[in-house]
Structure formats: C-alpha cells, structure tokens
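# Architecture at a glance
Residues per chain are reported as follows:
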Amino acid sequence: MRSRTIAAIGATAALALSALLPGAGASASPAASPAAPAAPPAARAAAPDIPVANVKAHLSQLQSIASSNGGNRAHGRPGYRASVDFVKAKLDAAGYTTSIQSFSYNGATGYNLIADWPGGDVNNTLMTGAHLDSVNAGPGINDNGSGSAANLEVALAVAREGYKPDRHLRFGWWGAEELGLIGSTYYVNNLPAAERSKIKGYLNFDMVGSPNPGYFAYDGDGSSGGGGPAGSAEIERVLRAHFATINVPVEDTAFDGRSDYGPFIRYGIAAGGLFTGAEGRKTSAQAQKWGGTAGTAYDRCYHASCDTTSNINDPALDRNADAIAYAVWTLGGGGGTR
C-alpha cells in the first residue's frame, strides 16, 4: 500500500500523472461508522475453504525471493520480476491464460501480471487484484505479499475446484503500486474503451494479514459518507456477509485513493475489497471487539525491513482469504465442474 504522503499528493496529481504515462491512484484508512452486515446472499456454488497453510507457503516463497535479491521486491529491482515469474508459473500450471504487461516508470521497467480463467461471459468480467511490489526498505510480506498470496491461492482454488462461473474471471498482480498506483493505472488507461466496459466489478486486496489486525471493508454503499460507483454496494454486502457468518464485526474504510481500486473507480467500475490496517493505531473499542493491542499500529512494520513472514497474523490472513473466495464464488455465480 502506498503511503499517506503519496496518497495526498496523488489526490491532486492523478490527472497530471495519467496524462504523462497512463498511470497513478492506492489501500484506505479506517472510517468511523460501520454499516450493518446484510444477510449472506445465496451462492449457486459454495466457495471452498482456502487453506491458510497454502497462502503462507506462497508468502515464504516471496520472502525467499526478497532475501535472494537485496531484501526487497520493489519496482525495477530483480526481486520484483522474480515475484512475477513465481506467480505466473503457478497460474500457468493451473490452466490460466497469462500475460505480462510491461511499462516504464522512473527509468525502470515494471510489470503487471494478468491471468484469465477460461470460460464465463467476457462481457461481464469480475476482476480480482493485488499489488505485488514492495517498497525498497523491505520484503513487503504483509504489504502486499498477503493480498497477492491470498489472491493467488483463490485463483488456484478456482482451478482445483473446476469452478465454472457465469461471469468471466480475471486476476491481476500490479507493479509499482508503492510509487503511486503506476501499474494498475497503466493497465486500466490502456484498455480499449470497449474492453474496459466489460469489467463490471473489481475486487482489491491490499494488506490482509496485519499483525494487530482490524477488519475493514471498502465503503461501497456510502454509509460512512463515501461510496463507490454503482454496484460497489453489492460488493461490500457480499464481503461483509462472509464475516457475518463467522461473527467477526467489520468496519468501513474509505475509498481514499491509497490502493489499486483507484484507477477502476475513476472509470465508474464497481469496486470493493478488504483491509486489515497499516500505520493507523487500533482503538480501545476495536481491541475489545477484535482482540489485539489498543494504541498500537495495525502493522508496526509498515514499509519497514521487519515486514517479513513473522509480520503476519494467521487468523486474519485465513479469514480474509476465505472472504475473497466467498466473494469470487458468490459474485461469479454458476457452479459445477469442468
């Protein structure tokens, strides 16, 4: 997740940046008032449980990649390209159609990885994404290995289950998010208008395993004063519904331009996602309902060298990975096996 400083600058500089490159916009900070969770919508095919051990195995691989490449997986550094190659190999073996999109920023080449699951209505595409880059200071295992690894394992579960959704499923791993949403903005801006209009929903997962976690969903319905494009309220309801089934309360977090949903909502694409917190501090009320330590950052290793595999809360990672699968299966519709 990009920093608040970059986000504040990005709010006024986004149009200028997109005129220069097609590219800039990143995860949100908690808003005050949670919306009441809706009843779980009926899914025609039940989502599988996502084994947290599998997600953590991916995180271990990302840690090894960083450790072998100067301690990070940042834009323009060899650890980032190695991360892309690792995820791509998993997806290729599972039967996805993958492509690597390159772009240039700050004198270095960056990469987005796009993976399409065969089948489904391509005119009604559901896209799920996460940024794969870290900052230069560390390996970025929570920010955002956690979202990247959870998305990867959900994509692999789609293949394992032989899921046949009504909608076309597409997964994305973005480059240079930490520098201002460069990769995701490049992707969205460079899609032909006809292709961009086929993406009817975008799910974003940036930091879903914070060590002192909160449980936040983007405020798609505007109950905290924000809101997203039409269709975002449905995405929020689905994500909240999963947490309602496991009796975990969820608070709103604003669409404030800190993660890769930004370029999508600027084009009116419905969006949503989950977030376990960054440098903000957990309140006493939040500690009472979620556990953890009041007065301490959700992630004390945010953008630091200590953002390693020891900087992950397993229950939070597990719950969020299951919620991603629930959203993909519920919003994707359909069922059966191939």
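The structure reproduced in this document is the subject of the present report. (Residues numbered from 1 in each chain as written. Predicted model: local features only at pLDDT ≥ 70, side-chain atom pairs only at ≥ 80, totals over all residues. Heavy atoms only, no water.)

Soluble globular proteins: nonpolar side chains tend toward being buried together. In this structure, Leu91, Val158, Phe171, Trp173, Val328 and Trp329 are the most contacted members of the largest nonpolar core, which totals 65 residues. For this core, the element with the most residues is helix 10 (residues 314–332), which contributes 11 residues. Filtering out sequence-adjacent residues up to four positions away, Trp173 remains in contact with Tyr80, Val87, Leu91, Tyr111, Asn112, Leu113, Ala115, Ala130, Leu132, Ser148, Asn151 and Leu152. Listed in part, the 14 residues of the second largest apolar core include Tyr202, Phe255, Tyr261 and Ile269. (Core = buried A, V, L, I, M, F, W, Y, C linked by side-chain atoms within 4.5 Å. Buried < 20%, exposed > 50% of the residue type's maximum accessible area, 1.4 Å probe, protein only. Helix = DSSP H or I, 4+ residues; strand = E, 2+ residues; numbered from the N terminus. Contact = heavy atoms within 4.5 Å.)

Moving on, we come to the pattern of salt bridges. The tally for this structure, following the rule as stated, stands at 10 salt bridges. In this structure, the salt-bridge partner of Lys56 is Asp314, at a minimum N-O distance of 2.9 Å. Taken together, the residues Lys56 in helix 2 (residues 52–67) and Asp314 in helix 10 connect sequence positions 258 residues apart. Taking the relative accessible area as the measure of exposure, Lys56 reaches 32% and is therefore partly exposed. Here Asp314 falls in the partly exposed class, since its relative accessible area comes to 31%. Residue Arg81 pairs with Asp85 through a salt bridge whose shortest N-O separation is 2.9 Å. One end of the pair, Arg81, and the other, Asp85, are both in helix 3 (residues 78–94), 4 residues apart, so they sit about a helical turn from each other. Looking at Arg81, the relative accessible area reads 30%, which means it is partly exposed. (Salt bridge = Lys/Arg side-chain N within 4 Å of Asp/Glu carboxyl O.)

Next up on the list: the environment of Ser223. Structurally, Ser223 can be placed in the loop between strand 6 (216–218) and helix 7 (232–245). For Ser223 and Ala233, which are 10 residues apart along the polypeptide, the C-alpha to C-alpha distance reads 9.5 Å. A polar contact of 2.7 Å, which involves the side chain of Ser223, links it to the side chain of Asp252. (Polar contact = N/O pair within 3.5 Å; in protein donor to acceptor, adjacent residues only side chain to side chain.)

The subject of this paragraph is the side chain of Lys282. Mapped onto the fold, Lys282 is located in the loop between strand 8 (271–275) and helix 9 (284–290). The contact partners of Lys282, leaving out residues within four places of it in the chain, are Asn212, Pro213, Gly214, Ala287, Trp290, Gly291, Gly292, Thr293, Ala294, Gly295, Thr296 and Tyr298.

On inspection of all chains with the given rule, the structure shows 16 aromatic pairs. Judged by centre distance (4.9 Å) and plane angle (45°), the rings of Tyr96 and Trp117 are tilted. Of this pair, Tyr96 sits in the loop between helix 3 and strand 1 (97–105) while Trp117 sits in strand 2 (residues 108–117), and the two are 21 residues apart along the sequence. With respect to class, Tyr96 is no different from Trp117; both count as buried. (Phe/Tyr/Trp six-rings, centres within 6.5 Å; stacked < 30°, edge-to-face > 60°.)

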